[in-house]
Structures are given as C-alpha cells and as structure tokens.
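Working through the structure, step by step
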Amino acid sequence: MLLGGLVVSGATCLVLLVVLSRLRLPFPTYAASAIAATVGALVVAALVWIAASERRAGSTWAALVVPGLLAALPTLWLGLLLQGTRWFLGGISIDQSFRTQILARFAATPALVDMNYLDLPSYYPAAWFWLGGRLADLAGVAAWAFYKPWAILTLAVASWTAFVAWRFVVTPARAVLVATATTVIGLGVSSTEPYAWILVAAMPAVAILLWRAVRDDDVRRRAPTLVAVGLYLGVAAMTYSLHAGFFGAFVVLTALVPTRGRRLGDLAPRLARAGLVIGLGLVLALVVWTPYVLAVLGGDPTRSYAQRYLPSNGAFWSFPMLQPSSVGAMCLVGVIGIVLGWTSSARLARPLGVLGLLVLGWYALTVPLLLLGQSSLAFRLEPVIELVLVCAGVLTAVEAVRLLRVRVPGVRVLAAVLGAVVLAACAQGAISPDQQVVTEAYADPYPTGTTPTGGFRPDRIDAWTPQLLAAVRDATPTAPADLVTLGGPTQFYVAEPFHGFQQSTPHYANPLAQYEARNDAVRSWAASSDAADLVRRLDASPWPAPRVFVLLRQPDGSGTTRLVEDAFPATPNVVFESVTFPPRLFASPAFVVREVGPYLVAVRR
C-alpha cells in the first residue's frame, strides 16, 4: 500500500503537469492564482473531510487517494504559476544557477564529478541531482528544462513521505491532517529547495520515532526503527549535508537528554542505539561522498567558502509563532501544545520541542563560528522550526477537539470547517506571481536565446547562448565535455556540458579547486606580454587550462571577465573585480577569435 501511494502521488503530479502545460495564460496574471486558490481549497476540504473520520482515514481507498490529493496541492500551485515558463522558481538566477548546472552535469555523465571543474570529484551532495540528471538523460529532455518537472514531482513525493512517516506515529486521521499542513507549509518555506524539503517534510515524524526507539525500554520493533532512521540520515547526507549534520546532532541529543529518576548508567544503551543510527548514516553517505573523501585523504588541499555567508535572516533568530498570519497562529498553538504536553504527552511533545530548540541553538552557534570566520547557515533551518511548530499546532488542536466534543456539541464540525479554512488560507499566502522567484522564472532567457514570454532580448548578455555555441563549434571539433571555458553566462554551461575554469562565486566552488589561486592565475594570464606568452602560461597551469575564452567585448577590442572574491562577513559577502585581456593576447594563429554580440570569443586551436 505504501508503494501504491508513491505511484499515485507521482502519477497525479505528472498528469496534472501535462494538463497544465496546455494552458496559455499570459504573464503577469492573477488568473493562475485564482484557479489554484479555488481548486486548492477544494482539495484541502476533501482532505479534511477524510480526516474527520478515523474509519474513512484508515480505509484502504484513503491510503491511495490521500497521496494523490496531497500531490495535487504543490502541483496545482506551482504548475499554474509556472505554466508559461520552462524554468522553475528563480529561473537560472542566483542559487538556481548552480543547481541547474549540477543537474545538467549529471545528465551528461553518471560519474560523481564536480558540476563545474574538470577532473574533480563532486562536492555538493549529489543524490537528488544525480537521479534527476539520469532521468533527464533517459527521457531525452534537456536538463535545464527537466529541472522544473523534477522539482515539482519532488515536492509532490515529499507530501507522500510525510504522510507515510506520520502513519507510524499517530492515527490515520491525524496523519492526514498533519501531512496536509506539511504540504501547505512547504509551498511557502521550501519550494525553491525541493531536495531539502523532501527531507524536512518527514523530519518531525522521524524525530518522534527515533526518540521512542532510543529512549523507551519497552518499545516494540526497535531495531527496524533504528535502521530506518539510519537510512533516513544517510539519504540526508547524500542529499543535503546541512540537514544531515543537524539531524545527526538531534540523534546525539536524543540519547543525552536526561530523564528524571534515571541513572547515568542508562546512557550507555541509549548512546549505543544512537551510534547505530549515525553509523548507518555514515556508511550510506559514502555512496556519494567516497570520491571526494578519497581526494581529501590523498592530500589534495581544500578550503570551503560554503559557510561564509550571513544574510539578515541568519543573524536574527526565527520565531514563526509571532508572525501575524494563519501560519503564525498555528505555530503559536504548537508552542502551547509542546509546553503543556511536555509531561502529559511526552512522546510527542518532547522530541518536537527538542527539535525546535535545536534550531534555535543552531542560530546561537553563529556567534562562536563567526570567530572562526564561518557561519552556521541557520537560516536554512527556518523551514524545520516552522514545520515542527505547525505539526505540533495541528496535533494540539486535534487533541483539544477530542477533549471538548463531549461537552460542546458540534465542535468537530466547527473544527473541520475552521481547519479547512486555515489550511486553504495558508496555501493562498504561500506563493504569488508577484514574488521575485516567479518573475525571474519568466524573465531569464532560455539557453535557446529566447525568453519565456517570447522574443530575443539583445540587451541581455545571457541571451546569446546559441550564437556562442555556434562560434565554439566552428572554431574547434573538440566535444564540449572535454573543453574548459573561462567566462560566459550560466545558460552556456547548461546548454552543453562545458567545464568552467572558475566557478561563478567562491561559495559554490569545490573546496578542492583552490579558488583563490585560480583567480591569481587568471590575473597572470591577463598580464601576459603577448599571445605566445599567454600560451606558455596556459600550458604551465597546474589545472586544466581554458581552451575557450568567452569575454565581454570592450570598445577598444579587449575582453573582460569578472572575478569574485570572498568578503565575509561583509554584506554582500563578495566583491567583484574586472580583469582585462588586451587584443594582442589573442592576435596569433594559435587562437580563433570571433565577435558574438557583446562577447569576444577566443578559442585555442
């Protein structure tokens, strides 16, 4: 039945995406939101109706229908908002640039290689991107265009994973309600990171299962639960390392949090159980991390910039229970439920409470890490604390209704109506066509050169990809997968599997890449005396040197490329430097030079 729910969830998402792709709504428009709000409210009402009866919620048909209805919610909202573009939220801007690039890399090769640099192992957790890239290749769809359906399908399946996990924790009716709330919350807090949400969606339920398995002496089926949680931790390590580290810390806390009346000696079996979970997670993590670990153990120098980032929402603690919104109200009820249930409902309240407190502890960790030139990236855990409190709020509300139904006739009907309204309102407020991630999805040019709204924008330097590709093809017969390139827009790198000599920012760069030294090398090449000197310096490079230069053309015939340097903890956390290659450096038979729109393309023969 669990596998059947997965099939139903995936099939519902794919069928809806096909249907929605046939719509021809203009952008910008609120028509898509109007359709999604109405149909989404009906879906929420159907889920609440199923959850209103334990008999209905526990039936065989509900176990199949519920995953389909849950999958419909993110598919409807995102499918309608993005029906006029092939990009996902964010287009190919900011973080979506490297996400699209890594998906494209794994569409070109099944090897666990770096998204950008030639001859380096993958550093970014590869599982979601590798699977998506392989499926894109199998389907014969360009990876950049496959990202959108793959992301929406992931969010749909995440709803199913939440439902399945909660079925092991609470009654079927409560599992339906909590999974519905999880799906709605995910739209607002994590839709731009679907590979993170598929882990977060099930995390509160997994935390409760782990708490019982590690701490209870009389728990049944302890071993299967510990193994299952170990597998979850391993998948997290393969998919999103921050969440893996966070949940690993929770595993340790689960064993260490003292219990009144218990001796210190009782810690040993708890620590052993927690160790089993972490050990299984580490073993599974090696499936994708082995190439990188071997390179590090081999003595390759490393320096990571990934944690040298502190936006405003990472500096201030997250208190979602104080938001003046329906989500904030649900979180506030959750806080009340955790506090009041700490003793009376310890098996639910305590793991949820500790998980939420751990997020706040992660924020506090930023201060000592700043002394080491790092941050804790706590803002990435905002979805966790919000989901934990929403789940606690739903369970608290259900328990309150159970206690009141004897004394207050009709309270169940009132609660069902109120619950449907609140959840529908949360969905409506989650995402809108006015948000930047939506407008970017309609504004960024495709690798084909046209924009989602139609036409060619010559004023945009990232709209010249087809012409750049043609210039490179005319200049060299070498396959793109064997070429290293300096400069050019992200669309250039996702249209064909070129390797970049340098990543667009140090924070996306592989720690093995020696980012700063590569910047120095680019400066050195630009300072060459002539073309022969440039060729000598390129041939002496300790890394595979670029054979293709895609530079911004200047009025004097020179070409420039932009270098990025880390400036943490300043805001913004990077500074830019323009490096100029004079025309004389490519004035040689060793290079084929072409002018392409705003670009100067130089290719070594």
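For the structure, see preceding data.
Below you will find a few notes about this structure.

**Some thoughts on the side chain of Arg215**
Among the secondary structure elements, Arg215 is positioned in helix H10 (residues 203-215). Within the buried set, Arg215 has no salt-bridge partner at all; the shortest N-O distance to an opposite charge, 6.1 Å, is to Asp216. A distance of 2.8 Å separates a polar side-chain atom of Arg215 from the backbone oxygen of Thr254. Within the structure, the side chain of Arg215 is placed 2.7 Å from the backbone oxygen of Val257, a separation counted as a polar contact.

**Points about the environment of Leu365**
Among the secondary structure elements, Leu365 is positioned in the loop between helix H16 (346-364) and helix H17 (366-370). The spatial distance from the C-alpha of Leu365 to the C-alpha of Ser376 is 6.2 Å, given a sequence separation of 11 residues.

**What about the pattern of salt bridges?**
This structure, assessed with the given rule, holds 20 salt bridges. Here Arg380 and Asp95 are joined by a salt bridge, their closest N and O atoms 3.1 Å apart. You can see Arg380 sitting in the loop between H17 and helix H18 (382-404) and its partner Asp95 sitting in helix H5 (residues 95-108), a full 285 residues away along the chain. Of the residues examined, Arg380 reaches a relative accessible area of 22% and is grouped as partly exposed. Two residues, Glu577 and Arg523, come together in a salt bridge whose shortest N-O distance is 2.9 Å. Here Glu577, found in strand S5 (residues 574-581), pairs with Arg523, found in helix H23 (residues 515-526); they are 54 residues apart in sequence, far enough to count as distant. Look at Glu577 and you get partly exposed, because its relative accessible area is 30%. Judged by relative accessible area, which is 25%, Arg523 ranks as partly exposed. Three or more residues joined by partner-sharing salt bridges are found here, namely Asp95, Arg99, Glu193 and Arg380.

**Examining H5**
Under the 1.5 Å per step criterion, the end-to-end length of H5 is 21 Å for 14 residues, consistent within 8% with the ideal 20 Å. Most of H5 is tucked away, with 13 of its 14 residues classed as buried.

**Looking at unusual backbone geometry**
Glycine aside, a negative phi is what most residues show, and trans is what most peptide bonds show. With omega at 10 degrees, the peptide bond leading from Phe568 into Pro569 counts as cis. For Asp119, which is not a glycine, the phi torsion comes out positive at approximately 65 degrees. Position of Asp119 among the secondary structure elements: in the loop between H5 and helix H6 (127-139). At Gln514, a position not held by glycine, the phi torsion is positive, near 55 degrees. Take Gln514: its relative accessible area is 33%, and that puts it in the partly exposed class.

**Observations concerning the packing of aromatic side chains**
The geometry of an aromatic ring pair is captured by the separation of the ring centres together with the interplanar angle, meaning the angle of the planes. Across all of its chains, the model carries 36 aromatic pairs by this definition. Note on Phe88 and Tyr147: the rings are 5.9 Å apart at their centroids and 45 degrees apart in plane angle, and the pair reads as tilted. In this pair, Phe88 is assigned in the loop between helix H4 (60-81) and H5 and Tyr147 in helix H7 (residues 143-167), connecting sequence segments 59 residues apart. Assigned by exposure class, Phe88 and Tyr147 land together as buried. Each member of the aromatic cluster is reached from another via a ring pair, and the members are Phe88, Phe98, Tyr124, Trp128, Phe129, Phe146, Tyr147, Trp150, Tyr195, Tyr240 and Tyr508. The lysine or arginine in question, Arg215, covers the ring of Trp211, its NZ or CZ lying 4.5 Å from the ring centre.

Cut-off values and rules
Residues numbered from 1 in each chain as written. Predicted model: local features only at pLDDT ≥ 70, side-chain atom pairs only at ≥ 80, totals over all residues. Heavy atoms only, no water. Helix = DSSP H or I, 4+ residues; strand = E, 2+ residues; numbered from the N terminus. Buried < 20%, exposed > 50% of the residue type's maximum accessible area, 1.4 Å probe, protein only. Lys, Arg positive; Asp, Glu negative; His and termini not counted. Salt bridge = Lys/Arg side-chain N within 4 Å of Asp/Glu carboxyl O. Polar contact = N/O pair within 3.5 Å; in protein donor to acceptor, adjacent residues only side chain to side chain. Expected span 1.5 Å × (residues − 1). Phe/Tyr/Trp six-rings, centres within 6.5 Å; stacked < 30°, edge-to-face > 60°. Lys NZ or Arg CZ within 6 Å of the ring centre and 35° of its normal.

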